Amino acid sequence: MGRVVKRVGACLAAALVVAGLMAWPPEGEYSSVDLQLTVPEKEKLLALTFDDGPHPEHTAVLLDALAQRGVKATFFLVGCQVELAPELVERMAAEGHQIGIHTLDHVQVNGLSQRDFERQVEGLRRVLYPLVGERELWLRPPYGIMDDNTLRWADSPVVLWSVDPEDWKDTDVRRIVRHITDRVRDGDIVLLHDIYPSSVEAALQVVDCLQEQGWQFVTVEQLLHLKGRAGENGRVYRAVR
Ligand SMILES: [Zn+2]
């Protein structure tokens, strides 16, 4: 019991450092890059990213559990899912998570005309702005597939990943957890999908396991900031070392 209380206390302290300094910005002036983060342990940083949501049920469970653990994550949203649970998108923003674009219709963006690309990417930004305020919404192309035009037209950094447990393949929570915990290195970006309950459960087990070892979970934008890097438009980020 004592150990658990201590761990929760430590997590809470870390969360306060991150969240406390991240005063909710005035509308339209969001920039977590301005944060003066003083996370004590800068060598064990991870960014959990969740694609294809929000899911009305599983994402809500995930947000509750992340809040309990003082964890910030990054969500790459799909337009049709946003329509199902816009209140969860508002909640993500209010709770300090990073929100990104995974296209309106979860389409492969390589080979698209500029008009179709903008419909998929800018179109989703326009759906999200009323929910989260005008802010930078970085791009993760579906399947990680892109071309030169994607980088040219993204108008944001492009976020891929360095750890992929292929959580869509099965519902084996233990396999997914082990895939991640066996591989993680400082600065990794982990790919998960919050539309699967097994992925949500695995993510939480990963958090519980790695927080015990001093790992801290931040958004991709915070990860870049903590590593002294700025997110550049049209540049691809798989991990931030
Ligand atoms: Zn996807």
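Scroll up for the structure.
First, a word on what this report is: a plain description of the structure on this page. Computed from a predicted model, the values in this text were never measured in an experiment.

Before going further, it helps to spend a moment on helix α7 (residues 173-183). Inspection of α7 places Val173, Ile176, Val177, His179 and Ile180 among the buried residues, and these make up the whole buried set. Axial view of α7: buried residues confined to an arc of 160 degrees, hence all on one face. Looking at α7, the residues exposed on the side facing more than 90 degrees away from the buried face are Arg174 and Asp182. Taken together, the buried residues of α7 touch β6 (188-193) and α8 (197-212).

The next point concerns the coordination of the zinc ion. Distances from the zinc ion to its protein donors, Asp52 (OD), His102 (NE2) and His106 (NE2), fall at 2.0 to 2.1 Å. The sequence motif formed by the donor residues of the zinc ion is D-x49-H-x3-H. Of this pair, Asp52 sits in the loop between β1 (45-51) and α2 (58-69) while His106 sits in the loop between β3 (98-101) and α5 (114-132), placing them 54 residues apart in sequence. The partly exposed category is assigned to His106, whose relative accessible area is 23%.

A few words on the layout of surface pockets. Roughly 190 Å³ of internal volume is contained in the second largest pocket. Lining the second largest pocket, in full, are Asp51, Asp52, His102, His106, Tyr143, Gly144, Trp161, Asp164, Trp168, Leu191, His193 and Tyr196. Per-class residue counts for the lining of the second largest pocket are 5 nonpolar, 4 polar and 3 charged.

Quick look at the packing of α2 against α8 now. Contact pair α2 / α8: the axes reach a minimum separation of 9 Å and the direction vectors enclose 10 degrees. As judged from the angle between their axes, α2 and α8 are roughly parallel. Contact residues: His58, Val61, Leu62, Ala65, Leu66 and Arg69 in α2; Pro197, Val200, Leu204, Val207, Asp208 and Gln211 in α8. Looking at the contact of α2 with α8, its residues break down into 8 nonpolar, 2 polar and 2 charged.

This brings us to the pattern of salt bridges. Taken as a whole and assessed by the stated rule, the structure comprises 11 salt bridges. The salt bridge involving Asp51 is made with Arg140; its shortest N-O contact spans 2.8 Å. With Asp51 in strand β1 and Arg140 in the loop between β4 (138-139) and α6 (148-153), this pair connects stretches of sequence that are 89 residues apart. The class for Arg140 is buried, based on a relative accessible area of 0%. In this structure, Arg125 and Glu122 form a salt bridge, with 2.5 Å as the shortest nitrogen-oxygen distance. With a gap of 3 residues between them, Arg125 and Glu122 both fall in helix α5, about one helical turn apart. Residue Glu122 is classed as partly exposed on the basis of its relative accessible area, which comes to 21%. Overlapping salt bridges bring together Asp64, Arg91 and Glu95 as one network.

Glancing now at the packing of aromatic side chains. On inspection of all chains with the given rule, the structure shows 2 aromatic pairs. For the pair Phe50 and Phe75, a centre-to-centre distance of 5.4 Å together with 25 degrees between the ring planes defines the contact as stacked. Here the residue Phe50 occupies a position in strand β1, and Phe75 occupies one in strand β2 (residues 74-77), the gap between them amounting to 25 residues. A relative accessible area of 0% means that Phe50 is categorised as buried. Phe75 sits in the buried class, given a relative accessible area of 0%.

In terms of nonpolar packing, the biggest core is built from 49 residues, with Phe75, Ile99, Leu128 and Phe217 touching the most fellow members. Take this core: its biggest share by element is 7 residues, from α8. Residues contacting Leu128, with those up to four places away along its chain left out, are Leu77, Val82, Val89, Ile99, Gly100, Ile101, Gly133 and Leu137. Counting 13 residues, the second-largest nonpolar core is a separate cluster that includes Trp138, Ile189, Val218 and Leu224.

Thresholds applied
Residue numbers here run from 1 along each chain, matching the order of that chain's written sequence. Only residues with pLDDT of at least 70 are given local features in this predicted model, and only at 80 or more are side-chain atom pairs given and counted; all residues enter the totals for whole chains, interfaces and linings. As a rule here, side-chain values come from all non-hydrogen atoms in the structure, and water together with hydrogens is ignored. When accessible area is computed with a 1.4 Å probe and restricted to protein chains, residues below 20% of their type maximum are described as buried, those above 50% as exposed, and intermediate ones as partly exposed. For helices the rule is a DSSP run of H or I covering at least 4 residues; for strands it is a run of E covering at least 2, with both sets numbered from the N terminus onward. The arc in question is the one spanned by the directions pointing from the helix axis to the C-beta atoms. We call two residues in contact whenever any of their non-hydrogen atoms come within 4.5 Å of each other. A donor here means any N, O or S atom no more than 2.8 Å from the metal (3.2 Å for Na, K and Ca); water is not included, so a site may seem to lack partners. Both site types are read off a 1 Å grid over the protein atoms alone. A 1.4 Å probe that fits but cannot get out defines a cavity, while an open set with protein on both sides within 12 Å along at least five of seven lines defines a pocket; lining residues have an atom within 4 Å of a point. Grid points are joined across faces, edges and corners, and a volume is the space filled by probe spheres set on the points. Under the scheme applied here, ten amino acids are nonpolar (Ala, Val, Leu, Ile, Met, Phe, Trp, Tyr, Cys and Pro), four are charged (Asp, Glu, Lys and Arg), and all others, including Gly, are polar. The axes used here are C-alpha line fits, helices contributing only the stretch in contact, and every angle between their N-to-C directions lies in the interval 0 to 180 degrees. Angular relationships are summarised with four words: roughly parallel below 35 degrees, roughly antiparallel beyond 145, roughly perpendicular across 65 to 115, and oblique for the angles in between. Salt bridges are identified by distance alone: a Lys or Arg side-chain nitrogen within 4 Å of an Asp or Glu carboxyl oxygen. Here a pair means two rings of Phe, Tyr or Trp (six-membered ring of Trp) with centres within 6.5 Å. Their orientation is stacked below 30 degrees between planes, edge-to-face above 60, and tilted elsewhere. Nine residue types can take part in a nonpolar core, namely buried Ala, Val, Leu, Ile, Met, Phe, Trp, Tyr and Cys, and a core is a set of them joined through side-chain atoms within 4.5 Å.

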